[in-house]
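Commentary on secondary and tertiary structure
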Amino acid sequence: MANKKNRGGLKESIRKMFVSLKRKPQTIPMLVLVVAFLYYSLNLTHVSDTTAKLQLTGMGLSGFCTMLFSMLSLVCFINAYPHRKKTNIPMLVLMFLMLGILIFCDTYYMDSITKALTREVNPITVDASTIYITQAYDMLGVHRIIVAVGFVLTLLVPVLRKLLRRIDTSLPVEEVGQMDAILLSEES
């Protein structure tokens, strides 16, 4: 009996999730951008250590801009889709600009790492004590991909809205009657 309730509860929670997504499809790209921000933030030590070791022009500024525009793009995203109002186009454009800057900064930082590792005079060698350099390079590549996915999903919000509307989230009539019976039995 308890197993049936769990299945029904899981099914109902999935249905409620789809209803919520049908109302606010912009939640999907928002979650992707939050994942990108968290991924960068939680791996910021590798970037800081790499900047301190290599000390090339613009590396510190690039890392700072990535962190700053990650936070500001989330704020712009929230303001671009106000509750029960039309989409705020200027905020959306500003957010896309910031996401483009994020991708540029990640690419610039990765190029700086490549230059430091392949330069002819005094190249940096990666060993056990400087493994964080390759970890930072790999992390920035993944971060750039996550941001690009968030960018594309944000562009596709109208398409997501139409696709999500096709999903039937209504309760069958017999289940509504059963739910009314359950609610009445719980009240007595």
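The text that follows walks through the structure, step by step, so that each part is easy to find.

Rules used throughout
Residues numbered from 1 in each chain as written. Predicted model: local features only at pLDDT ≥ 70, side-chain atom pairs only at ≥ 80, totals over all residues. Heavy atoms only, no water. Helix = DSSP H or I, 4+ residues; strand = E, 2+ residues; numbered from the N terminus. Polar contact = N/O pair within 3.5 Å; in protein donor to acceptor, adjacent residues only side chain to side chain. Contact = heavy atoms within 4.5 Å. 1 Å grid on protein atoms, 1.4 Å probe; cavity = no way out; pocket = protein on both sides within 12 Å on 5 of 7 lines; lining within 4 Å. Points joined across faces, edges and corners; volume = space filled by probe spheres on them. Nonpolar A, V, L, I, M, F, W, Y, C, P; charged D, E, K, R; others polar. Buried < 20%, exposed > 50% of the residue type's maximum accessible area, 1.4 Å probe, protein only.

Most peptide bonds adopt trans geometry, and most residues besides glycine take a negative phi value. Not every positive phi belongs to a glycine, and R84 is a case in point at roughly 60°. Here R84 shows up in the loop between helix 4 (59-80) and helix 5 (89-118). Within the chain, N122 stands out as a residue other than glycine whose phi angle is a positive 55°. Within the secondary structure, N122 sits in the loop between helix 5 and helix 6 (132-155).

Position of T130 relative to the elements: it lies in the loop between helix 5 and helix 6. In terms of polar contacts, T130 uses its side chain to reach the backbone carbonyl oxygen of T125, at 3.2 Å. Only 3.0 Å separates the side chain of T130 from the backbone nitrogen of D127, close enough to count as a polar contact. Setting aside residues up to four positions removed in sequence, T130 forms contacts with K53 and T125.

Moving on, we get to empty space enclosed by the protein. This model, assessed by the stated rule, comprises one cavity of 30 Å³ or more. Approximately 40 Å³ is the volume attributed to the largest cavity. As for the largest cavity, its lining consists of L33, A36, F37, S70, S73, L74, L99, L102, H143 and V147. Among the elements of the structure, helix 2 (27-42), helix 4, helix 5 and helix 6 are those that each provide at least two residues to the lining of the largest cavity. A class-by-class count of the residues in the lining of the largest cavity yields seven nonpolar, three polar and no charged.

Position of V142 relative to the elements: it lies in helix 6. Its relative accessible area of 35% is what places V142 among the partly exposed residues. When the C-alpha positions of V142 and Y40 are compared, they lie 9.3 Å apart, and in sequence the two are 102 residues distant.

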